[in-house]
Amino acid sequence: MGRRHHGILLGYGEMNTGRAHRPQDKRRYPPPSGINHRLHTATARESCANRGIPTSVGLYRGTSEMAVPESGVLQGFPHDKVLRVEEGCDEFISIKHRFYMSIGSLAQYCPLVALQRLRCTADQMIARTEAFKHQSKLLSEKYDGEPNIQDGLYGSSKVGIIQIINHGFDVSALPEDGGYFGIGLYITPEQVAINSVMSSTVDVDGLRHVLLCRVILGRMEEVIRGSGQSQSSSKQYDSGVDNQQFPTRYIIWYPHANTRILPQYVLSVKVDFRSRGLQKQPRTQPITPWMPFRALLSELDKFLPKPTMCRVWRYHCQFLERKITRQELVFHLRQITGDKILIAALRSFQIKKFGAEIAAFLKGKKKK
């Protein structure tokens with residue numbers, strides 16, 4: 001019971017009393033009263049106010065301050081085409097949390113240091129967006145309203161990312177891995193985001209940069225390794241994938257690279273596996289009825305408005321970075337949501353889990 005786990009214990013503490021559990025050592029559990037302070041600089045207002053975050057889709061302290069200036073974009077990036085997203089705003093927290101959820105326990109070794117959004121008002125970005133919308137419309141008509149748009153990441157060097165921002169994707173070169181899965185542009189699915197991070201090149205500040213993009217996939221065909229394929233095998237396919245069941249690469253054929261891929265953000269990540277004790281004993285699985293935090297947050301998202309969820313995600317990010325303990329995370333969750341909503345989320349999860357078990361049982365009985 002003294003071990004940390006990625007979950008929350010059903011009936012934890014005084015959950016049934018309607019009163020928040022307050023630990024006696026208040027120095028270890030600071031109240032979350034300052035969550036929304038110091039967010040409203042001029043850049044933050046431009047970044048966050050009245051701007052939606054892609055529906056299908058914070059700065060890490062202790063890293064190089066030279067790489068992350070107090071204001072403005074990172075050095076070398078075009079100021080007229082990208083805008084730094086401030087650490088404290090909901091837009092930053094939302095994307096940071098999604099990134100951390102995709103890389104899981106590696107978040108403590110790969111903190112997100114900076115987030116920059118491509119300016120939608122830049123002339124080239126306007127043209128790209130219009131081309132992307134046009135392709136989406138074409139495939140929507142082809143497949144009765146389902147163009148299959150997903151999020152994906154593309155890692156490169158800092159210079160390479162800047163060139164893409166300025167001029168679009170280079171469709172004249174072979175893929176960096178030799179084109180084993182076809183001659184096209186490889187986009188990493190969000191579920192395996194760490195692959196994109198590790199395939200990128202470290203810059204002079206020790207940062208790796210990846211583009212978060214919207215990708216129109218349409219109907220995908222599985223590309224055989226070493227086939228040398230450079231286009232769809234027939235008109236019924238629009239893109240390629242290395243594995244239909246467990247994709248690690250989306251392959252966008254070069255003729256469509258700059259019309260079916262829409263870069264939206266630059267994520268700058270500090271990767272450090274050297275001094276953080278990567279070789280640890282594996283965590284033991286809890287033997288009590290724990291609810292995984294991932295499942296809990298998914299349930300809470302049904303009950304809480306977006307700004308409140310961003311407060312929850314902020315603390316979960318800190319937990320994934322190993323800045324706070326599981327007990328501290330649970331304390332903050334209860335402070336933010338209240339026990340009533342937490343209990344409702346827990347019950348919802350239990351009902352769903354019980355229903356799935358019943359369905360699996362009945363399915364197995366029918367097969368017999």
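Residues numbered from 1 in each chain as written. Predicted model: local features only at pLDDT ≥ 70, side-chain atom pairs only at ≥ 80, totals over all residues. Heavy atoms only, no water.

Description of the overall build of the protein chain
- Helices and strands together make up the secondary structure of the protein chain, namely 9 helices and 11 strands.
- For the protein chain, buried positions account for 48% of its 368 residues.
- Carbon and sulfur atoms provide 53% of the accessible area of the protein chain, an area that totals close to 19500 Å². (Helix = DSSP H or I, 4+ residues; strand = E, 2+ residues; numbered from the N terminus. Buried < 20%, exposed > 50% of the residue type's maximum accessible area, 1.4 Å probe, protein only. Areas by Shrake-Rupley, 256 points an atom, 1.4 Å probe, with all protein chains shown as cover.)

Examining the pairing of strand β10 (residues 261-270)
- Within β10, 9 of the 10 residues are buried, which leaves it mostly tucked inside the rest of the structure.
- Pairing of strand β3 (residues 112-118) with β10, which is carried by 5 bridges, proceeds in the antiparallel orientation. Of the residues in β10, the one forming a bridge with L112 is V269.
- Bridging between strand β6 (residues 207-216) and β10 involves 9 bridges; their strand directions are antiparallel. Each residue of the ladder has a partner; that of R214, found in β10, is L262. (Pairing = 2+ DSSP bridges.)

Here's the deal with the side chain of H316
- Tracing the sequence through the fold places H316 in helix α7 (residues 306-320).
- A residue is classified by how much of its surface remains accessible, and H316, at 4% relative accessible area, is buried.
- Beyond its immediate stretch of four places on either side in the chain, H316 contacts H97, M101, F293, L297 and L329. (Contact = heavy atoms within 4.5 Å.)

Some thoughts on the packing of aromatic side chains
- Counted under the stated rule, the structure contains 4 aromatic pairs.
- Taken together, a centroid distance of 6.0 Å and an interplanar angle of 45 degrees make the contact between F99 and Y100 tilted.
- Looking at Y100, the relative accessible area reads 0%, which means it is buried.
- Here the aromatic rings of Y154 and F169 are separated by 5.5 Å at their centres, their planes lie at 90 degrees, and the arrangement is edge-to-face. Here F169 lies in the loop between α4 (158-167) and β5 (184-189) and Y154 lies in strand β4 (residues 149-156), a separation of 15 residues in the sequence.
- Of the residues examined, F169 reaches a relative accessible area of 6% and is grouped as buried. (Phe/Tyr/Trp six-rings, centres within 6.5 Å; stacked < 30°, edge-to-face > 60°.)

A word on the pattern of salt bridges
- As enumerated under the stated definition, the model contains 11 salt bridges in all.
- R249 is paired through a salt bridge with D242; the nearest N and O atoms lie 3.4 Å apart. (Salt bridge = Lys/Arg side-chain N within 4 Å of Asp/Glu carboxyl O.)

Regarding the packing of α7 against helix α8 (residues 326-337)
- Across the interface, α7 lies against α8 with an axial gap of 10 Å and an inter-helix angle of 175 degrees. By the angle between their directions, the pair α7 and α8 is classed as roughly antiparallel. Note on element contacts: α8 touches α7 through R326, L329, H332, L333, I336 and T337, opposite T308, R311, V312, Y315, H316 and F319.
- Counted by class, the contact of α7 with α8 contains 6 nonpolar, 4 polar and 2 charged residues. (Axes fitted to C-alpha atoms, helices over the stretch in contact; angles between N-to-C directions. Parallel < 35°, antiparallel > 145°, perpendicular 65-115°, else oblique. Nonpolar A, V, L, I, M, F, W, Y, C, P; charged D, E, K, R; others polar.)

Details of the sheet that holds β3
- Taken in spatial order, the 9 strands line up as β2-β3-β10-β6-β4-β5-β9-β8-β7 in an open sheet, and their pairing is mixed. The two strands at the open ends of the sheet, each matched to only one other strand, are β2 (82-84) and β7 (220-222). Taken pair by pair, the neighbouring strands of this sheet meet at an average axis angle of 35 degrees, ignoring direction.
- Contacting β3, β4, β6 and β10, helix α3 (residues 123-142) crosses the sheet at an angle of about 120 degrees to β10.

Concerning α3
- Taking 1.5 Å of rise per residue, the 20 residues of α3 would be expected to cover 28 Å, and the 29 Å separating its terminal C-alpha atoms lies within 8% of that figure.
- Those residues of α3 that sit buried are M125, R128, F132, Q135, S136, L139 and S140. Projected down its long axis, α3 shows its buried positions confined to an angular sector of 140 degrees, all on one face. Residues of α3 that are exposed and point over 90 degrees away from its buried face: D123, K137 and E141.
- Of the surrounding secondary structure, the elements contacted by the buried residues of α3 are β3, β4, α4, β6 and β10. (Expected span 1.5 Å × (residues − 1). Arc of directions from axis to C-beta.)

As for the confidence of the model for the protein chain
- Mean pLDDT over the protein chain stands at 77; residues scoring 70 or higher make up 70%.
- Between residues 1-71, whose pLDDT stays under 50, and residues either more than four places distant or in other chains, the model counts 157 contacts.
- Every residue in residues 277-289 is under pLDDT 50, and counting partners more than four places away or in other chains gives 17 contacts. (pLDDT = per-residue confidence, 0-100.)

A look at the nonpolar core
- With 43 residues, the main nonpolar core has F99, Y100, I103, L267 and L300 as its most contacted residues.
- No other element matches the 8 residues that α7 contributes to this core.
- In contact with L300, other than residues within four places in its own chain, are M309, T337, I341, L342 and A345. (Core = buried A, V, L, I, M, F, W, Y, C linked by side-chain atoms within 4.5 Å.)

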